[in-house]
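Understanding the architecture of this molecule
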Amino acid sequence: MSTKIKINSQIFQDSNNIYYPKDESEVSDLIRELYKQDSPTEIIGNNSKSFIGNKTQSANTTSLSKISGIIDYRPEELYIKVKACTPINEIEQVLSENNQELAFEPIDFGYVKEGKSNKGTIAGYLSCNYAGSRRFKVGSVRDHVLGFKGVNGKGDIIKSGGTVVKNVTGYDLSKLIAGSFGTLVALTEITLKVLPKKDSSKTVIIYPSNFEQIYDFFNKLSSSSSEISGAVFIPEQSKDKDFVTKKNSVFKFNDLKSNISFIAFRVEGDKISIEEKINNLKKELKLSNSDISTLDVYQSEPFWKKVNNLEVFEKTEHNLIRMVIAPANGSKLCKHLENNHNYFVDWCGSLFWIEVNSKKEEKIKDLKKMAKDFGGYLTVIKTSSEYDYGEAIFTVDKVRLMISEKIKQSFDPKRILNPGKMYRGV
Amino acid sequence: MSEIALPKIDSSILNRKSEIVKKLSKLTNIENVLSEADELRPYETDALSVYTQTPLAVVLPENTDEVSEILKYCHSENIKVVPRGAGTGLSGGALPLQDAILLGLGKFNKILEIDYENKCVVTQPGVTNLGITHAVQHKGFYYAPDPSSQLACSIGGNVAENSGGVHSLKYGTTTNNILGVQMVMMDGTICRFGGKSFDQEGYDLMGLICGSEGLLGVVTEVTVKILKTPEVVRAALIGFPSIKEGGDAASEIISSGIVPAGMEIMDKALIEATDNFSKAGYPRDAELLLIVELDGTESEVNELIKKVEVICKKNNCSSLKLSNSEKERLSFWAGRKAAFPACGAMAPDYYCMDGSIPRGKLAEALLEIKKLSEKYELPVANCFHAGDGNLHPLIMFDGNDKEQLRKTEEFGSEILKTCVRLGGVITGEHGVGIEKRELMCEMFNDNDIQQQLSIKKSLDEKNLLNPGKVYPILRKCAEEGRVHVHKNKDKFPDLPRF
């Protein structure tokens, strides 16, 4: 029996030649066999975010979607251990029943991809490491991973971390796996730190008059003892009528003037301390004579969902860019983007979501240079159908690429797992 | 205890000492190279002072280029290198090797940039942890991770060990509080991971380096995140009549949704020892003492304190005292911070263990340790980072009595086994170093360890950087893993130890 047939007889394969291993040992068997055959495979979960990253050149596709289910949830220990491809929705639901949540606020990329919710699996989300609006306060996805199990490119089952928060036993491989786009291990099990949900939230809207003022506000907000858990800037962008219409419809709230530029910041906690913090912040931002509006909890929660779901870029056919910079350079970037690209700013001035017209690929090169100059990086999250990949969709320098190649080699010497998904040669 | 396997000594390197010293003296200022016996003595050990070794030479470079040149030279000549920060580590991570250069980062002692707009500080690695907070506190900012040795330990060492502290429950450990590092690889390559922005894309190499105990590279610059000092900080001192009731209260505080800034537990033995030592005013009739610190805005803190009070009363607390001033809050902590020296005053020797367990197993672990203490007829005092399940039992004994030493070792190993059995790990914050090296196989199987060794090999092919640390040489699950302090002669007796 040839090895190819051997794999087929052991592990279910559908008509599209996608393998569906049903447990960790089948993942291990499959990858061990592919390793012997030098035959790379694309690794997918529920396919909700497979559009992010380069297209892999591999003869096989392995879906981990059957590796799903909650293994152990201990609300009192603040952790949940799940099989890797457990849907995020399922995790959020069980946490919600215990008034807990994934504090990093997962982004729902389903809206960008197909105009409707599809949060996908936790393994897929961890592999991207794209935290939502609360990131600047609570850390990224990688900061909430306590441990994992998975299969490396040789078929070996490996683990790192555990279920306890204080743990310095060996290298912290959980960090390395976060954002590795499935190029190091096929994940089979993930343990996440969970946190209590805040009692309530309110969102304050202010209407700044210029870019310097926006960043003055952002700076004051992030310098305050009255902690906020979200701060976005949504620009007016009057030139692009379609975008304006979209933006006004997405952010249509009774207490919000969405037709002009605005900053929204969120305060969470118990009701008394929310009021106290808002009052403190109003003083610190000198807002006593300004036009402001406040979204109560019933408006605040859907508002931040819409921000996190990137609903203003729903089903975009253009290139969608995620740029992270040192916030002090934000006003310069805003000036450059004004009337050139549709965009909004999250993470209290650090994270930019930018839409670049499909015919303007050279603009991405300029933006990448700008990202580096401003102490950051960009990723082309979604490419238009016309994108020719002349400009790499990730940002990496020579030394980091060299080290990344070495790390890849140590996990996956024959480049079996998602080859080329991030960089050529990795 | 003082015998430990180290990598095979390369005698050809020992024979070339004078040539190596001469070459090093060309790569940095001549006075930065130490090679005489009396010059080397201060570097023979770190804070795990039971192990000593004289290094081949000590080199104290002054800038990144010098570090790069030194490592490049050592790489080409197959000379081992042991990096060292402030030497306050408790697991022997900076223990020298006879045939290795000890690379001290002590001259990297400057803060390079304070950037309030980007909420970060760019610093050289030799700056102390507390030095960073001191540099920004006049503007109301601080650096969150606070290992108990923060007065002396360096930020570079914190990166190497992924140091935590009392406040890591709410604010995370070093890995959650740094934005970027500059590092030199063993072959001399200078690299930069991260910067002033969040979450560098691609492999999180900064996350890998943090906690790698000096095995993957030498950190020469660190960018740390700074936070605004909370408006109000208050602490509560709560006594309980039994271990179970106190442990359950601590567990319930967390499960109720409160995230205290810090939460510590001390048992009766330690309440008495520390109160005798520091006159902290602890409730001496209590079997267990809980210190809970809460921070935030005034109404937020008041609200949380109310909730903590309700939980503690429900669990039959015997006393409850709230701090009403900053002075009083610090006095609550004074006893806890004196835990180690207080034990040193009670017995000729003590062993400090460092394991983590799930929070809910707190009472179970303490009761198990109490039983073991009776079984071995050795007193033990317990302090605990209750919020994150990090346990530090201190076993008291007389090292001159061979039988007591043997019993202590057995006792200690049973405690560590208990930690692992309860779902915990062998080191919460002190690191593996040489101390817990042989215990790695309690937690990891061959595949796990091989994967970690492959990473090491990929970045340091010749295994020259800090060899013999973290990963088992003997491949036996030897029962080591203790800090041994004789006649209270801790390497840094004046540093508080949590």
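Keep in mind that what you see is a predicted model, and the values were worked out from it rather than measured. (Residues numbered from 1 in each chain as written. Chains lettered and ligands numbered in written order. Predicted model: local features only at pLDDT ≥ 70, side-chain atom pairs only at ≥ 80, totals over all residues.)

**Quick look at the overall build of chain B**
Our working definition: Going along the chain from the N terminus, every DSSP run of H or I of four or more residues is numbered as a helix, and every run of E of two or more is numbered as a strand. With the radius of gyration taken over C-alpha atoms, the globule rule is written as 2.2 Å times the number of residues to the power 0.38. Exposed residues have 12 or fewer other C-beta atoms within 10 Å of their own C-beta, buried residues have 20 or more, and partly exposed residues fall in between, where C-beta atoms are placed from the backbone. Contact definition: two residues whose C-beta atoms, as placed from backbone geometry, lie within 7 Å.
Scanning chain B from N- to C-terminus turns up 17 helices and 20 strands. Here the C-alpha atoms of chain B give a radius of gyration of 23 Å, agreeing with the 23 Å that 2.2 N^0.38 yields for 498 residues. For chain B, the C-alpha atoms occupy an extent of roughly 70 × 60 × 45 Å along the three principal directions. A buried classification covers 60% of the 498 residues belonging to chain B. Restricting the contact set of chain B to residue pairs at least 6 apart, pairs at least 24 apart contribute 75%.

**Focus: the domain arrangement of chain B**
Residues and elements named next belong to chain B. Cut-off, in case you're wondering: Domain limits in this description derive from either an automatic procedure or a database domain assignment. Think of it as three bins: nonpolar holds Ala, Val, Leu, Ile, Met, Phe, Trp, Tyr, Cys and Pro, charged holds Asp, Glu, Lys and Arg, and polar takes everything else, Gly as well.
Assigned domains of chain B: these are domain 1 (1-229) and domain 2 (232-427 + 482-486). When each unit is reduced to the centre of its C-alpha atoms, the spacing between domain 1 and domain 2 is 31 Å. Split into classes, the residues belonging to the side of domain 1 that touches domain 2 amount to six nonpolar, three polar and one charged.

**A short note on the confidence of the model for chain B**
Inclusion rule: Residue-level confidence of the predictor is summarised by pLDDT, bounded by 0 at the bottom and 100 at the top.
In the predicted model, chain B carries a mean pLDDT of 90, and the fraction of residues at 70 or more is 94%. We note a pTM of 0.94 for the whole complex and an ipTM of 0.96 for its interfaces.

**Here's the deal with the sheet that holds strand E5 (residues 79-83) of chain A**
Residues and elements named next belong to chain A. Counted only if it meets this: Only strands that DSSP links by at least two bridges are regarded as paired with each other. Lines fitted to C-alpha atoms define the axes, with helix axes restricted to the stretch in contact, and inter-axis angles between N-to-C directions lie between 0 and 180 degrees.
Taken together, the five strands give an open sheet; going across it, the order is E4-E5-E9-E7-E8, and neighbouring strands pair in antiparallel fashion. Each edge of the open sheet carries a strand with a single partner, namely strand E4 (70-74) and strand E8 (157-161). On average, each strand axis in the sheet is inclined to that of its neighbour by 10 degrees, with strand direction left out of account. Sheet analysis places E4 next to E5, joined by four bridges and oriented antiparallel. In the sheet register, arginine 74 faces E5, and the bridge partner there is tyrosine 79.

**Here's the deal with the domain arrangement of chain A**
Size of an interface: often given as the accessible area lost when the parts come together. Residues and elements named next belong to chain A. Considered domain by domain, chain A is made up of domain 1 (1-197 + 396-426), domain 2 (200-308) and domain 3 (315-382). Taking the mean C-alpha position of each, domain 1 and domain 2 sit 34 Å from one another. On the domain 2 side, the residues contacting the eight residues of domain 1 number eight residues.

**Considering the packing of helix H14 (residues 362-376) of chain B against helix H15 (residues 402-421) of chain B**
All names here are of chain B. What counts is decided by this rule: The cut-offs work like this: below 35 degrees is roughly parallel, past 145 is roughly antiparallel, 65 to 115 is roughly perpendicular, and the gaps in between are oblique. Helix crossings get a hand from a simple test, with the near helix turned counterclockwise from the far one by less than a right angle marking a left-handed crossing and a clockwise turn marking a right-handed one.
Running from N to C, H14 and H15 cross one another at 160 degrees; their axes reach a closest spacing of 10 Å. Taken together, the axes of H14 and H15 lie roughly antiparallel to each other. For the element pair H14 and H15, the recorded crossing hand is right-handed. Within the contact between the two elements, H14 uses Ala365, Glu368, Ile369, Leu372 and Tyr376 and H15 uses Lys407, Glu410, Phe411, Glu414, Ile415 and Thr418. Here the residues of the contact of H14 with H15 sort into six nonpolar, one polar and four charged.

**A word on unusual backbone geometry**
Even without being a glycine, Asn47(A) presents a positive backbone phi close to 70 degrees. In this structure, Asn47(A) sits in the loop between strand E2 (41-44) and strand E3 (60-63). Looking at Asn47(A), the number of C-beta atoms within 10 Å reads 16, which means it is partly exposed. Within the chain, Asn463(B) stands out as a residue other than glycine whose phi angle is a positive 55 degrees. The topology assignment puts Asn463(B) in the loop between helix H17 (446-459) and strand E20 (483-486).

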